[in-house]
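# Summary of structural features
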Amino acid sequence: MNKTLDKIHTSGGLGQKAENFHSGKGNERVFPRPAIIPLEGPSLTPNAQRTRTKFCKGNRNVREGEDSSSSSVPNPFPELLPPTVSGSISKYLLPWTKPSATQVIKVFDENNTSKAVEVPTDVTARDICQLFVLKNHCIDDHSWALIDHHIQLGIERTIEDHECVMDVLSGNGMETDSRLYFRKNYAKYEFFKKPLDFFPDHMVSISTETNGIVDHSELIETFLKSSTCPEIHGHLHVKEQSKKSWKKFYFVLRRSGLYFSTKATSKEPRHLQFFADFADSDIYTVLSAKKAHGAPTEFAFCVKATKCSSSRDLKLLCADDEQTKTCWITAMRLLKFGMQLYQNFIQPHQKQKVSSMRSISENSLVAMDFSGQKTRVIENPSEALSVAVEEGLSWRKKSCHRLSGHGSPSSTQSSVPNLAAIHLAQPWFHGKLSREEAQHLITQQGLIDGVFLLRDSQSNPKTFVLSLCHMQKIKHFQILPVDDEGELFYSLDDGHTRFTDLIQLVEFYQLNRGTLPCRLKHHCIQITL
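Residues numbered from 1 in each chain as written. Predicted model: local features only at pLDDT ≥ 70, side-chain atom pairs only at ≥ 80, totals over all residues. Heavy atoms only, no water.

- As recorded in an unreviewed UniProt entry, the chain goes by Growth factor receptor bound protein 14 and comes from Poecilia formosa.
- The Sequence similarities (unreviewed entry) field of the UniProt record for the chain holds the comment "Belongs to the GRB7/10/14 family." (UniProt positions renumbered as here; feature names shortened; annotations may be inferred.)

Structural data, given as structure tokens:
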């Protein structure tokens, strides 16, 4: 961050720039133009500089061409200038002498609304995520991510938490139409928790250096060691350069790079041809691969050089299914960043352990009954639980009355429909979202078990749909209303398990799998910056 400042503070550096500015050369590019526009004052034209006035003692305006020896502005930074330099400094040069440089960046949410923030030039992706978590009062569950999205190229990737955002933006270049998005990514470090879900047996083998078979519990550890590396292999479709056709090759990923075999599945050195390395490249997910590039499937990704700005320079690859694509991308990330990814993963958890001690007052909480003339402590756990449930239902009914008073459900309607309307304010409910939009949103926020959302049914307006991810596939379950003697309930299993509202339904399936393939764990959320 301070390299530019060090150059300015060298002997004669700032003085030379001040002399150039006051001698009528203010428009000359004495400062190198950075990739991101700095926060600086407007430049002056030569005519404006010749007629510019300086404010001296006694509120007298003295033109630069006149004698101002008796009324010159004293130099506020004498230690930075040599004695031969004039004592007056342009106010537009002073900001460059600040101890820390800042830039303005624009970050978008999923509704394409943006927020401009001023950040230091050495800011990391995690720093920006923490900033927006605080500004938007979000729950900090360490799953927020900053996305590098290229509109023209139709590709995007999650910027790693430790990466410098300014380096990413300067690598993109000013001519590319790139954006930064702030959104959830539950799958960012999931491979550290469940490596078997990301690395299937038929795609992983140990390199010949280790002469053995690695236990799956140590699979990630072998990625992080510099001496060993699991070998990822399998078939991928690759797009030929300057052509629309795709060909299928057998690829092998090793620590030295990505190779493809020119003879079936042979791994002999004479048959392996180099395809790409990741020292100066990044791995991006390709959006709308079939439509944009004529890919055989939508499970496409690419290797993009850091300075690449054209789609012709992308090395496009395509897998047959989501699990294969995820395996390749995850392995490439681990080979590129290594131990740094693991440090990114454990860093917030280490901080959480330090601050996770419960206070004495929190450990001594008890249930109280204030309904009688005298208060009493409820010692029976079953009674305490029933009181808590009763208070929860009472709170929901009060919320419904507040909704009806503001014109939502009418106060003339029964309390049951009013009770069912409180799900509208829940972050997991997304209203009139189509099936395709629900799948796209879940895919963006991470294809791991338990990611879910609720929405209105498009085919039946009186029902709802639960969209849930399991085994990297998205499934949709219809929530049907059940009428029992004038009372309305909701059910996922044809009325066998009934709930008075959708909040009860979600809370139940967060604790119990029931008829679902897995429990509800992570809800999709959309925020407005």
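### What about the side chain of H271?
- Within the element layout of this structure, H271 appears in the loop between β11 (257-261) and β12 (272-276).
- When residues no more than four places from it in sequence are discounted, the contact partners of H271 are F260, S261, T262, K263 and S266. (Helix = DSSP H or I, 4+ residues; strand = E, 2+ residues; numbered from the N terminus. Contact = heavy atoms within 4.5 Å.)

### Some details on helix α4 (residues 125-135)
- Residues A125, R126, I128, C129, F132 and V133 constitute the buried set of α4. The buried residues of α4 occupy an angular sector of 160 degrees when the element is viewed end-on, so they sit on one face.
- Trailing α4 by a residue or two, H137 shows a phi angle of about 55 degrees, which is positive. (Buried < 20%, exposed > 50% of the residue type's maximum accessible area, 1.4 Å probe, protein only. Arc of directions from axis to C-beta.)

### Looking at unusual backbone geometry
- One non-glycine residue, A264, lies in positive phi territory at about 50 degrees.
- Checked against the element boundaries, A264 lands in the loop between β11 and β12.
- Overall, the relative accessible area of 61% leaves A264 in the exposed class.
- One non-glycine residue with positive phi stands out, namely S288, at about 50 degrees.
- Structurally, S288 can be placed in the loop between β13 (281-286) and α9 (289-293).

### Considering the nonpolar core
- Counting residues in each nonpolar core, the largest one holds 50 residues, and the members touching the most others are F199, I232, F251, L253, L258, W328 and L334.
- At eight residues, the largest contribution of residues to this core is made by helix α10 (residues 322-337).
- Two domains each put at least three residues into this core: domain 2 (189-348) and domain 3 (425-523).
- Membership of the second largest hydrophobic core comes to 24 residues, among which are C164, I525, I527 and L529. (Core = buried A, V, L, I, M, F, W, Y, C linked by side-chain atoms within 4.5 Å. Domains from an automatic or database assignment.)

### Quick look at the sheet that holds strand β19 (residues 464-470)
- A sheet is described by the order of its strands in space; here five strands give the open sequence β21-β20-β19-β18-β22, paired in mixed fashion. Each of the sheet's edge strands pairs with one partner strand only, and the pair in question is β21 (487-491) and β22 (522-523).
- Here strand β18 (residues 451-456) runs beside β22; their pairing, made up of two bridges, is parallel. Note on β22: the bridge partner recorded for V451 is H522.
- Seen against the sheet, helix α15 (residues 435-445) touches β18, β19, β20 (473-484) and β22 and runs at an angle of roughly 155 degrees to β18.
- Most of the contacts of helix α16 (residues 502-511) go to β18, to which it runs at about 160 degrees, and overall it touches β18, β19, β20 and β21. (Pairing = 2+ DSSP bridges. Axes fitted to C-alpha atoms, helices over the stretch in contact; angles between N-to-C directions.)

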